[in-house]
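Summary of the model geometry
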Amino acid sequence: MLESLLFLIMGLITIACALCVVFQKNPIYSAIFLIQTMVSLAVLYVLLHAQFIAAIQVMVYAGAIMVLFIFVIMLLNLSKADEGEARDNLFFQKPSAIILGFILVVMIGAVTLKTVLQGTKGEYTPEIISQIGNTQLVGKMLFTKYVFPFEIASILLFVAIIGAIILAKKRIVEDEKV
Amino acid sequence: MIPLTWYLILSGVLFSIGAVGVLIRRNAIVIFMCIELMLNSVNLAFITFSRQLNSMDGQIFVFFIMTVAAAEAAVGLAIIIAIYRNKATVNVDDINLMKW
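Because the structure is predicted, anything quoted here is derived from the model rather than measured.

What counts, and where the lines are drawn
- Residues numbered from 1 in each chain as written.
- Chains lettered and ligands numbered in written order.
- Predicted model: local features only at pLDDT ≥ 70, side-chain atom pairs only at ≥ 80, totals over all residues.
- Heavy atoms only, no water.
- Helix = DSSP H or I, 4+ residues; strand = E, 2+ residues; numbered from the N terminus.
- Rg over C-alpha atoms; globule rule 2.2 N^0.38 Å.
- Salt bridge = Lys/Arg side-chain N within 4 Å of Asp/Glu carboxyl O.
- Axes fitted to C-alpha atoms, helices over the stretch in contact; angles between N-to-C directions.
- Parallel < 35°, antiparallel > 145°, perpendicular 65-115°, else oblique.
- Contact = heavy atoms within 4.5 Å.
- UniProt positions renumbered as here; feature names shortened; annotations may be inferred.
- Buried area = accessible area lost by both parts, 1.4 Å probe.
- Polar contact = N/O pair within 3.5 Å; in protein donor to acceptor, adjacent residues only side chain to side chain.
- Nonpolar A, V, L, I, M, F, W, Y, C, P; charged D, E, K, R; others polar.

Looking at the overall build of chain B
Helix and strand counts for chain B come out as three helices and zero strands. Mapped in sequence order, the helices and strands of chain B form the string α-α-α. Against the compact-globule benchmark of 13 Å for 100 residues, chain B has a radius of gyration of 17 Å, which places it well outside the compact range. Once the C-alpha set of chain B is aligned to its principal axes, its extents read approximately 55 × 25 × 15 Å.

This is the structure in structure tokens:
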């Protein structure tokens, strides 16, 4: 009962904040509503017995990634409402996008309600997870079955660091020429 | 116990909101945030399936999606900064040339 109530409250907050992300004029408000969306999603992860992922969601997504977003918005001084949004190059784009979005919701809902989830059940029931510990199980999987993707992920992050530095740094050679 | 279908429907609604956001906004950073919203909705679907099937693999996938999202955010924001330095705008209508 309490679980359903929490799901309803958090689901409504998530959807309301997601709508605010899309329809706020000011990018900084969008970013802050996105943080709230991620935090309420973390609560839903706890309801689904994924405590480790919930903690990572708050730390990595709501912490690191969104700080990066807000940092860039403030660095580029975009916090004033963008005048370009008012200029409509394609007048039919907004209404048709919203109609298509509604169609997408209806289709996903219909498919989800019609389909019966089936498949071979694994061994990790919530009782076993709470007995051993969610973090320990994630760590065990990560370093046994998924050790190769884990290493590739580290290389991916390394490449992303180098790419970000090269893309965002000032071109010193051009500056000297000018 | 809530039926897990509700979580999937919530995930679908979030994904649609993100897709609509990508279509109707003009600010590159807001479009980027809508992409993050879509990634998050997929994460919710993965965790729901992992709970339904009593398996940990879904949670590991979410872990990797978060890694990719972090890499994507770093590179994407660097690209936006580079564009802003060249064009002094992040409006996607004004960014239509690969090279000038």
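Here we look at the pattern of salt bridges
Counted under the stated rule, the structure contains two salt bridges over all chains. A:Lys145 is the salt-bridge partner of B:Asp57, the closest N and O atoms lying 2.7 Å from each other. Placement of B:Asp57 in helix α3 (residues 57-87) and of A:Lys145 in the loop between α6 (134-143) and α7 (147-168) is noted, with the two residues assigned to different chains. B:Arg26 is the partner of B:Asp93 in a salt bridge, and the nearest nitrogen-oxygen pair spans 2.7 Å.

Description of the packing of helix α2 (residues 28-52) of chain B against α3(B)
Residues and elements named next belong to chain B. For the pair α2 and α3, interaxial distance at closest approach is 9 Å and the crossing angle is 175°. Classified by the angle between their axes, α2 and α3 sit roughly antiparallel to one another. Of the residues in α3, those in contact with Ala28, Ile29, Phe32, Ile35, Glu36, Leu39, Val42, Asn43, Phe46, Ile47 and Ser50 of α2 are Gly58, Gln59, Phe61, Val62, Ile65, Met66, Ala69, Glu72, Ala73, Gly76, Leu77 and Ile80.

So, the UniProt feature "transmembrane region" (unreviewed entry) in chain B
Residues and elements named next belong to chain B. Those places that UniProt annotates as "transmembrane region" (unreviewed entry) correspond, in this numbering, to residues 6-24, 29-49 and 61-84. The distance separating the terminal C-alpha atoms of residues 6-24 is 27 Å; by composition the span is 100% helix and 0% strand. Secondary structure content for residues 29-49 is 100% helix and 0% strand, while the C-alpha to C-alpha distance between its ends is 31 Å.

Concerning the interface of chain A and chain B
Chain A puts 85 residues into the contact, and the matching count from chain B is 71 residues. Roughly 7,200 Å² is buried in total at the junction of chain A and chain B, and carbon and sulfur atoms are behind 76% of that figure. At the surface where chain A touches chain B, the tally comes to one salt bridge. Across the contact surface, chain A and chain B share 15 residue pairs in polar contact (both at pLDDT 80 or more). Where the side of chain A that touches chain B is concerned, the elements lending two or more residues are α1 (2-23), α2 (27-47), α3 (51-75), α4 (93-114), α5 (126-132), α6 and α7 of chain A. Considering only residue class, the side of chain A that touches chain B consists of 55 nonpolar, 19 polar and eleven charged.

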